[in-house]
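Here are the chains, one letter per residue:
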2 protein chains.
Amino acid sequence: MTGQIAPQYQDIEAALARIAGGVHQTPVMQSHLLNEHAGAEVFFKCEHLQRVGAFKARGALNAVLSLSDEEAARGVATHSSGNHGAALAMAASQRGIPAHIVMPSNAPQVKKDAVAAYGGLIIECEPTQQARAAGLELVLEHTGANAVHPFMDSRVIAGQGTVAMELLQQVAELDVIAVPVGGGGLLAGTAIAAKHINPKIEVIAVEPEGADDAFRSFGLGELQGNASVNTIADGLRTSLGELNFDIIRKHVDTIVTVPDALIIEAMKLMWTRTKQVVEPSGVVSFAGVLEHPERFRGRRAGVVITGGNVDLDALPW
Amino acid sequence: MTGQIAPQYQDIEAALARIAGGVHQTPVMQSHLLNEHAGAEVFFKCEHLQRVGAFKARGALNAVLSLSDEEAARGVATHSSGNHGAALAMAASQRGIPAHIVMPSNAPQVKKDAVAAYGGLIIECEPTQQARAAGLELVLEHTGANAVHPFMDSRVIAGQGTVAMELLQQVAELDVIAVPVGGGGLLAGTAIAAKHINPKIEVIAVEPEGADDAFRSFGLGELQGNASVNTIADGLRTSLGELNFDIIRKHVDTIVTVPDALIIEAMKLMWTRTKQVVEPSGVVSFAGVLEHPERFRGRRAGVVITGGNVDLDALPW
């Protein structure tokens, strides 16, 4: 199956060239106050300012632009309750092809609106993993569309890896990169890119305590699931993919966890100090810097802020 | 009295050079979605990313750096419940001189904290205009400090005028600039700078309906007060200064008003679409574009976003 082989650094380089016109080169921000607070020199890579408000635009667009014309004509499909659905719809609209997005009936209205705004075709299903998978199967059967998984896809991983490539072009001599982990697409891409460019860079993954399957899998050397999930970081509730875990075991230095209370604190610090609207999942990396200061003290740290799609009517404080 | 003469364009040029090392050159942002929404090409000048989270840093620093060494040694003083107090404390700390800030006892804790964080000396008073003025008089008597008024001061007006100078260096061929008006410091500085650089640029001031003294004064050609004030835009509740009104009458094209409901809508649009935390007073200019689309349609519009200091625990929705 397409996309189930780990991407190489060259695939990430190719992805960056491929998606260049369709996504933003996001800025890097600094804050004196937050540097003092963290005891490190923090460089925030601002993917909340990316198209669709999240880094997911990169992987989705790379997948869509990697299709042959013949494949593309049949459209793309996925199931998603979050940013990947909107990202795939955006990417498909750039290529002028249909995007079928299977969404659970309880998905937030704001997420449905985002998919619809990009011309995505929404297929509603029951809010269970089984119903989502079955819904997607049905769509694929009827349309012949290309499935684009949110993270278990080498084209998607390569696309997400462009975040780190860009960051390392923007900031010289980073000592460490902090990046959140959910399904592991961003983390896998980041690790491949960063370690190729500079093998001395430490790659630290940060995961919410209430969905710590990657932390446990990494410690045991064997893929673990989540019996239950309980975190405010809704984008990181997914479990690590197998393909992603293989890459992560090879290239990532450490995985640490953070409690939800600190995720909320990090979020408020970003909002008040940098005036940036970032979502809970989006600041988990920065929460990791605050929770584990000994790993970052006095170092030049790239901190990937992954998204900024928040329901302003349901803030966590 | 120092500072009661209208500044010239040359004073704004001098201010920009004087404050260059101590304040940020803030970025200009664009949003395709908001351009479509507004029907204009909008260039947001991001003063919420300024030091102390507001353009007030510019005027305060220009005033402090304009003092002779002998004057400076006696420190500076003002009364303020808002951003000017923090800005003056920040400016004074840069020159290593004391800042005495008279604050009403009901000023938000977050504002007091900001003043204290910059080493400002807080003198608490009863929350009335009389008590504030009397408190400041007492401080001036005892310390010999230099009073720096938040807007009726030519050094402050010149400092605020650097926002427009910078914007016009960053963006070519603007047709119109939208800027909020409260006391009129920013508006006066903007109008002097913009009209000198390009007399064809239209300068449109925007004021909350619930504090529309500038709108009425401009219409009648005579300075009017506010019998009562009722707006969410707390930074614009002040009445227009006399010095400022003289400048505004001469250089400003139009003053329009906006209802609070639209200020809140503009705020939510900025938060969700651009991921920027801006305060109610900070988006009044953009609300003006939404309320009066016929004035902006199809034009290149500079829209000054003035500040981002919001109490996250008391949002207006």
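Looking at an unreviewed UniProt entry, one finds chain A named Serine dehydratase and attributed to Halioglobus japonicus. Word for word, the UniProt comment on chain A under Sequence similarities (unreviewed entry) is "Belongs to the serine/threonine dehydratase family."

Another aspect to go through is the overall build of chain A. Along the backbone of chain A there are 13 helices and ten strands. For a compact globule of 317 residues, the expected C-alpha radius of gyration is about 20 Å, and chain A comes in at 18 Å, within 12% of that figure. Looking at chain A as a whole, 59% of its 317 residues are labelled buried. For chain A, the share of sequence-separated contacts (at least 6 apart) that also reach a separation of at least 24 residues comes to 72%. Of the roughly 12,300 Å² of accessible surface on chain A, 49% is carried by carbon and sulfur atoms. In chain A, 24 side chains carry a positive charge and 34 a negative one; their mean positions are 4 Å apart.

Glancing now at the relation of the copies chain A and chain B. Take chain A, turn it by 180°, move it 0.0 Å along the axis, and it overlays chain B with an RMSD of 0.0 Å. The superposition of one copy onto the other is thereby described by a two-fold rotation axis. Of every C-alpha in chain A, the one belonging to Q276 of chain A sits nearest the axis of rotation, 2.5 Å from it. Most of the interface of chain A is mirrored in chain B, where 100% of its interface residues are also at the interface.

The sites that UniProt annotates as "domain: Tryptophan synthase beta chain-like PALP" (unreviewed entry) are residues 21–307 of chain A. Helix makes up 46% of residues 21–307 of chain A and strand 17%, with an end-to-end C-alpha separation of 20 Å.

Another point: the pattern of salt bridges. Two side chains carrying opposite charge are able to pair once their charged atoms lie near each other. The full count for this structure, using the stated rule, is 24 salt bridges over all chains. In this structure, the salt-bridge partner of E166 of chain A is K45 of chain A, at a minimum N-O distance of 2.6 Å. Taken together, the residues span a long stretch of sequence, with E166 of chain A in helix 8 (residues 154–170) and K45 of chain A in strand 2 (residues 41–46) at a distance of 121 residues. K45 of chain A gets classed as buried once you look at its relative accessible area, which sits at 0%. Between R216 of chain B and D212 of chain B there is a salt bridge, with its nearest N and O atoms 2.9 Å apart. For R216 of chain B, a relative accessible area of 28% gives the class partly exposed. A cluster of three or more residues bridged by salt bridges with shared partners is formed by K45, E47, R58 and E166 of chain A.

For helix 11 (residues 242–251) of chain A, every residue scored as buried is listed here: L243, N244, F245, I247 and I248 of chain A. Those residues of helix 11 of chain A that are buried lie in contact with helix 8, helix 9 (185–197), helix 10 (213–220) and strand 9 (254–258) of chain A.

Moving on, we come to the environment of A133 of chain B. Residues and elements named next belong to chain B. Take A133: it is sitting in helix 7 (residues 129–143). For A133, a relative accessible area of 37% corresponds to the partly exposed category. Residues A133 and V102, spaced 31 residues apart in sequence, show a C-alpha to C-alpha distance of 8.7 Å.

Okay, the interface of chain A and chain B next. Facing 16 residues of chain A, the contacting portion of chain B comprises 16 residues. Together, K275, V277 and L312 of chain A form the three largest contributors to the area buried by chain A at its contact with chain B, with a combined 42%. Linking chain A to chain B there are two salt bridges. Between D313 of chain A and K268 of chain B there is a salt bridge, with the nearest N and O atoms lying 3.0 Å from each other. Classifying every residue of the side of chain A that touches chain B gives six nonpolar, seven polar and three charged.

Taken as a whole, chain A shows an average pLDDT of 95; of its residues, 99% reach a score of 70 or greater. Reported for the predicted complex are a pTM of 0.93 and an ipTM of 0.91.

The subject of this paragraph is the side chain of E279 of chain B. Residue and element names in this part refer to chain B. Secondary-structure assignment places E279 in the loop between helix 12 (260–274) and helix 13 (284–291). No salt bridge is formed by the buried E279; its nearest oppositely charged neighbour, K111, is found at 5.0 Å. Once you skip the residues sitting within four places of it in the chain, E279 turns out to touch G53, N83, D234, M267, G307, G308, N309 and V310.

Attention shifts here to the environment of A116 of chain B. Inspection of the secondary structure puts A116 of chain B in helix 6 (residues 109–117). Sequence separation between A116 of chain B and I101 of chain B is 15 residues; the distance between their C-alpha atoms is 9.6 Å.

Attention shifts here to the sheet that holds strand 8 (residues 202–208) of chain A. Residues and elements named next belong to chain A. Taken in spatial order, the six strands of this open sheet run 1-2-10-7-8-9, and their pairing is mixed. Two strands lie at the open edges of the sheet, namely strand 1 (28–29) and strand 9, each paired on one side alone. Relative to strand 9, strand 8 runs parallel, the two sharing five bridges. Bridging from a neighbouring strand, V206 pairs with V256 of strand 9. This element, helix 8, spans strand 1, strand 2, strand 7 (176–180) and strand 10 (300–305) of the sheet and lies at about 130° to strand 2. Sitting on the sheet, helix 10 touches strand 8 and strand 9, and the angle it makes with strand 9 is about 145°.

Between its first and last C-alpha atoms helix 12 of chain B spans 21 Å; for 15 residues at 1.5 Å apiece the expected length is 21 Å, and the two agree. After helix 12 of chain B finishes, the residue K275 of chain B shows a positive phi value of roughly 60°.

Below, the discussion takes up the nonpolar core. One finds F44, W271 and F286 of chain A together with F44, W271 and F286 of chain B to be the most contacted residues of the largest nonpolar core, which totals 77 residues. Apart from residues lying up to four places away in sequence, F286 of chain A is in contact with L34, A38, F44, A266, L269, M270 and V303 of chain A.

Residue and element names in this part refer to chain B. Here six strands make up an open sheet; going across it, the order is 1-2-10-7-8-9 and the pairing mixed. With one partner strand each, in any of the chains shown, strand 1 (28–29) and strand 9 (254–258) form the two edges of the open sheet. Of the strand pairs in this sheet, strand 1 and strand 2 (residues 41–46) are connected by two bridges, and their pairing is antiparallel. Bridging from a neighbouring strand, V28 pairs with K45 of strand 2. The strands touched by helix 9 (residues 185–197) are strand 7 (176–180), strand 8 (202–208) and strand 10 (300–305); relative to strand 7, the strand with the most contacts, the crossing angle is about 165°. Each of strand 8 and strand 9 touches helix 10 (residues 213–220); the most contacted strand, strand 9, lies at about 145° to it.

With that out of the way, let us pick up the pairing of strand 9 of chain A. Within strand 9 of chain A, five of the five residues are buried, which leaves it mostly tucked inside the rest of the structure. The alternating pattern of strand 9 of chain A places T254, V256 and V258 of chain A and I255 and T257 of chain A on opposite faces, both of which are buried.

Reading the values: rules and limits
Residues numbered from 1 in each chain as written. Chains lettered and ligands numbered in written order. Predicted model: local features only at pLDDT ≥ 70, side-chain atom pairs only at ≥ 80, totals over all residues. Heavy atoms only, no water. UniProt positions renumbered as here; feature names shortened; annotations may be inferred. Helix = DSSP H or I, 4+ residues; strand = E, 2+ residues; numbered from the N terminus. Rg over C-alpha atoms; globule rule 2.2 N^0.38 Å. Buried < 20%, exposed > 50% of the residue type's maximum accessible area, 1.4 Å probe, protein only. Contact = heavy atoms within 4.5 Å. Areas by Shrake-Rupley, 256 points an atom, 1.4 Å probe, with all protein chains shown as cover. Lys, Arg positive; Asp, Glu negative; His and termini not counted. Charge placed at Lys NZ, Arg CZ, Asp CG, Glu CD. Least-squares fit on C-alpha atoms with pLDDT ≥ 70 in both. Salt bridge = Lys/Arg side-chain N within 4 Å of Asp/Glu carboxyl O. Buried area = accessible area lost by both parts, 1.4 Å probe. Nonpolar A, V, L, I, M, F, W, Y, C, P; charged D, E, K, R; others polar. pLDDT = per-residue confidence, 0-100. Pairing = 2+ DSSP bridges. Axes fitted to C-alpha atoms, helices over the stretch in contact; angles between N-to-C directions. Expected span 1.5 Å × (residues − 1). Core = buried A, V, L, I, M, F, W, Y, C linked by side-chain atoms within 4.5 Å.

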